[in-house]
Amino acid sequence: NAGVTQTPKFRVLKTGQSMTLLCAQDMNHEYMYWYRQDPGMGLRLIHYSVGEGTTAKGEVPDGYNVSRLKKQNFLLGLESAAPSQTSVYFCASSYALAAADTQYFGPGTRLTVL
Amino acid sequence: GQQVMQIPQYQHVQEGEDFTTYCNSSTTLSNIQWYKQRPGGHPVFLIQLVKSGEVKKQKRLTFQFGEAKKNSSLHITATQTTDVGTYFCAGPKRSGGSYIPTFGRGTSLIVHP
């Protein structure tokens, strides 16, 4: 089992460009999450999904969109990247709602917006 | 703002010394989780505490959940260089009709050999 995988691992964008980050899990988990991690700020939840076809906003959703067309995949989109979106992005999944269950994290995507 | 406050932000210790990080919430938590993130790595689940006053041990790591379920601590006895990393606590925060995980800002442990 690969667990949770993320692509790409690194990316550099110019302001205004768009991109999609892909998260895939092979554990048949219902719940999936996107976080961003900035120095000294811990992990902040961007969006999450409680099942195929569903998405919900987390703490810091502005500037991001997500889709969960297949149970195993959770996509995070940036329509018009801004320097403030420079961060490390982590995807996670859990069998039950993460507030009461173990989250399994992917290796992360380091994004720089110039 | 973040619901769970974690202190200290950094801790330098000599190898062999003990280490403790604290997590505090203004509201009662139904549970609290602890994660470890090695430098350049991703968070890895360590443990979940659910009961008031609960204490759990994993080798040299001791986790406690306060009687009021508003605070928690992680204590490492006789630190080793392999303990280096950032330790996060996470508690549930109400969001709409559901609960979402909210992480503390983490405590970075630096162990000097």
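Up top is the structure.
Residues numbered from 1 in each chain as written. Chains lettered and ligands numbered in written order. Predicted model: local features only at pLDDT ≥ 70, side-chain atom pairs only at ≥ 80, totals over all residues. Heavy atoms only, no water.

S.K.: Describe the packing of aromatic side chains, with residues and values.
M.R.: By the definition in use, this model includes 12 aromatic pairs over all chains. When the centroid spacing of 5.8 Å and the interplanar angle of 85° are considered together, the rings of A:Phe105 and B:Tyr35 count as edge-to-face. Of the two residues, A:Phe105 is situated in strand β10 (residues 104-105) and B:Tyr35 in strand β4 (residues 32-37); the pairing between them involves two chains. The pair formed by A:Phe105 and B:Tyr35 is uniform in burial state, with each residue classed as buried. (Phe/Tyr/Trp six-rings, centres within 6.5 Å; stacked < 30°, edge-to-face > 60°. Helix = DSSP H or I, 4+ residues; strand = E, 2+ residues; numbered from the N terminus. Buried < 20%, exposed > 50% of the residue type's maximum accessible area, 1.4 Å probe, protein only.)

S.K.: Now, about the nonpolar core: what can you tell me, with residues and values included?
M.R.: With 19 residues, the main nonpolar core has B:Ile32, B:Trp34 and B:Phe63 as its most contacted residues. Apart from residues no more than four positions distant in its own chain, B:Ile32 is found in contact with B:Cys23, B:Ile47, B:Gln48, B:Leu49, B:Phe65, B:Ser72, B:Cys89 and B:Ala90. A:Leu13, A:Ile46, A:Val66 and A:Cys91 belong to the second largest nonpolar core, which has 18 residues in total. (Core = buried A, V, L, I, M, F, W, Y, C linked by side-chain atoms within 4.5 Å. Contact = heavy atoms within 4.5 Å.)

S.K.: Describe the environment of B:Phe103, and please don't skip the residues or the numbers.
M.R.: For B:Phe103, the position within the fold is in strand β10 (residues 98-103). In this structure B:Phe103 comes out as buried when scored by relative accessible area, which is 0%.

S.K.: A description of the pattern of salt bridges should follow, citing residues and the corresponding values.
M.R.: If you walk through the whole model with that rule in mind, you get five salt bridges over all chains. A salt bridge links A:Lys71 to A:Glu30; the shortest N-O distance between them is 3.0 Å. Of this pair, A:Lys71 sits in the loop between β7 (65-67) and β8 (73-78) while A:Glu30 is found in the loop between β3 (19-25) and β4 (31-38), placing the two residues 41 residues apart along the sequence. As a salt-bridge pair, B:Glu54 and B:Lys56 come within 3.7 Å of each other at their nearest N and O atoms. Under the relative-accessibility criterion, B:Lys56 is labelled partly exposed at 30%. Several salt bridges converge on common partners, so that one network encompasses A:Arg36, A:Asp38 and A:Arg44. (Salt bridge = Lys/Arg side-chain N within 4 Å of Asp/Glu carboxyl O.)

S.K.: Requested: an account of the sheet that holds strand β1 (residues 4-7) of chain A, with residues and values cited.
M.R.: Residue and element names in this part refer to chain A. The four strands lie next to each other as β1-β3-β8-β7, forming an open sheet whose pairing is antiparallel. Looking at which strands have only one partner, the edges of the open sheet turn out to be β1 and β7. With strand direction ignored, the average angle separating the axes of adjacent strands in the sheet is 20°. Across three bridges, the pairing between β7 and β8 is antiparallel. When the bridges of β8 are listed, Asn65 appears paired with Gly77. (Pairing = 2+ DSSP bridges. Axes fitted to C-alpha atoms, helices over the stretch in contact; angles between N-to-C directions.)

S.K.: Can you tell me about unusual backbone geometry, naming the residues and giving the values?
M.R.: Of note, the amide linkage connecting A:Thr7 to A:Pro8 takes the cis form, showing an omega dihedral of -5°. With respect to the helices and strands, the residue A:Pro8 is situated in the loop between β1 and β2 (10-13). Look at the link from B:Ile7 to B:Pro8: it is a cis peptide, with omega at -5°. On the secondary structure map, B:Pro8 appears in the loop between β1 (4-7) and β2 (10-14). With a phi angle near 60°, B:Lys69 is a residue other than glycine that sits in the positive phi range. Positioned with a positive phi, B:Ala78 is a non-glycine residue whose angle comes to about 50°. Mapped onto the elements, B:Ala78 comes out in the loop between β8 (71-76) and β9 (85-95).

S.K.: Before we move on, could you go through the sheet that holds β8(B) and cite the residues and values that matter?
M.R.: Residues and elements named next belong to chain B. In space, the five strands of this open sheet follow the order β1-β3-β8-β7-β6, with antiparallel pairing throughout. On the outer flanks of this sheet lie β1 and β6 (55-58), each paired with one strand and no other. Across the sheet, the mean angle from the axis of one strand to that of its neighbour is 15°, orientation sign disregarded. As paired strands, strand β7 (residues 61-65) and β8 are joined by five bridges and run antiparallel to one another. Opposite Gln64, over in β8, you have Ser73 as the bridge partner.

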